[in-house]
Amino acid sequence: MVAQKQTTTKTVTILVRAINKVTGSIYFKVRNGENKEYTVALHKSGNTTCTCKHGENAGNHAHCYHVAHCQQAEAARREAEENQRCYREMAFA
């Protein structure tokens, strides 16, 4: 008999996104499916932090689902910006 692993889909809603222009860090205020709010930071150095229990225990290397969601959202945002920049260059070439 093979044991099946159950997975649950966890929701994260980004409420606020802010950039510290001096350090280059990107901060997110997020809300999870249980209606709890956390602050996630993606630092230019590659370190990540989150105010959730798992994130606080991990120090500067948080890998909770809040951080993963923010990293995915930021990657999608950067890709969209790059695509838009390329489109503008083609349109005015």
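A brief structural summary. All chains use their own residue numbering, which begins from 1 and follows the written sequence. The model is predicted, so local features are restricted to residues of pLDDT at least 70 and side-chain atom pairs to those at 80 or more, both for listing and for counting; the totals for chains, interfaces and linings are taken over all residues. Water and hydrogen atoms play no part in the side-chain values, which are based on all heavy atoms of the structure.

### What about the sheet that holds strand β1 (residues 12-19)?
Phase 1: Pairing between strands is defined by DSSP: at least two bridges between the two strands are required. Under the DSSP-based scheme used, a helix requires at least four consecutive residues in state H or I and a strand at least two consecutive residues in state E, with every element numbered from the N terminus. Pairing is antiparallel in the open sheet, where 4 strands are placed in the order β1-β2-β3-β4. The open sheet has two edge strands, β1 and β4 (48-50), and neither has a second partner. Going from strand to strand, the sheet's axes swing by 20° on average, the running direction of each strand aside.
Phase 2: The pairing of strand β2 (residues 26-32) with strand β3 (residues 37-42) spans 6 bridges and is classified as antiparallel. Between the N-to-C directions of two axes lies an angle of 0 to 180 degrees, each axis being a line fitted to C-alpha atoms and, for a helix, fitted only over the stretch in contact.

### Observations regarding the pattern of salt bridges
Phase 1: A carboxyl oxygen of Asp or Glu within 4 Å of a side-chain nitrogen of Lys or Arg is what we treat as a salt bridge. Scanning the model with the defined rule gives 5 salt bridges in all.
Phase 2: Between E34 and K36 there is a salt bridge, with the nearest N and O atoms lying 3.7 Å from each other.
Phase 3: Exposure categories follow from relative accessible area, calculated using a 1.4 Å probe and restricted to protein chains: below 20% of the type maximum is buried, above 50% is exposed, and the middle band is partly exposed. For K36, a relative accessible area of 44% translates into the label partly exposed.
Phase 4: Among the salt bridges present, the one from E81 reaches R77, with a minimum N-O distance of 2.9 Å. Of this pair, E81 and R77 both sit in helix α2 (residues 65-91), 4 residues apart, which is roughly one turn of that helix.
Phase 5: What you see here is one network of salt bridges that share partners, running through R17, E74 and R78.

### Let's talk about the environment of N35
Phase 1: Following the sequence through the fold, N35 ends up in the loop between β2 and β3.
Phase 2: You can call N35 exposed: its relative accessible area is 60%.
Phase 3: The sequence separation of N35 and V12 amounts to 23 residues, and the corresponding C-alpha distance is 9.3 Å.
Phase 4: At a separation of 3.4 Å, a polar atom in the side chain of N35 contacts the side chain of R31. What qualifies as a polar contact is a pair of N or O atoms within 3.5 Å, subject to a donor-acceptor requirement within protein and to the restriction that residues adjacent in sequence count only when both atoms come from side chains.

### Looking at the nonpolar core
The nonpolar side chains of soluble globular proteins are, as a tendency, buried together.
Phase 1: By convention a nonpolar core is built from buried Ala, Val, Leu, Ile, Met, Phe, Trp, Tyr and Cys residues, the set being connected through side-chain atoms within 4.5 Å. Core analysis: the largest hydrophobic core is formed by 13 residues, its most contacted members being F28, V30, V40, L42, C50, V67 and C70.
Phase 2: Secondary structure elements with two or more residues in this core: β2, β3 and α2.
Phase 3: Note on definitions: a residue-residue contact is assigned when non-hydrogen atoms from the two residues lie within 4.5 Å. Discounting chain neighbours no more than four positions away, the residues touching C70 are F28, V30, V40 and L42.

### Some thoughts on the state of the cysteines
Phase 1: We call a pair of cysteine sulfur atoms a disulfide when they lie within 2.5 Å. Under the definition given, this model contains 0 disulfides.
Phase 2: C52 forms no disulfide, and the closest cysteine sulfur to it belongs to C50, at a distance of 3.6 Å.
Phase 3: No disulfide involves C64; its sulfur sits 3.7 Å from the nearest other cysteine sulfur, which is in C52.

Coordinates in, geometry out; function isn't part of it.
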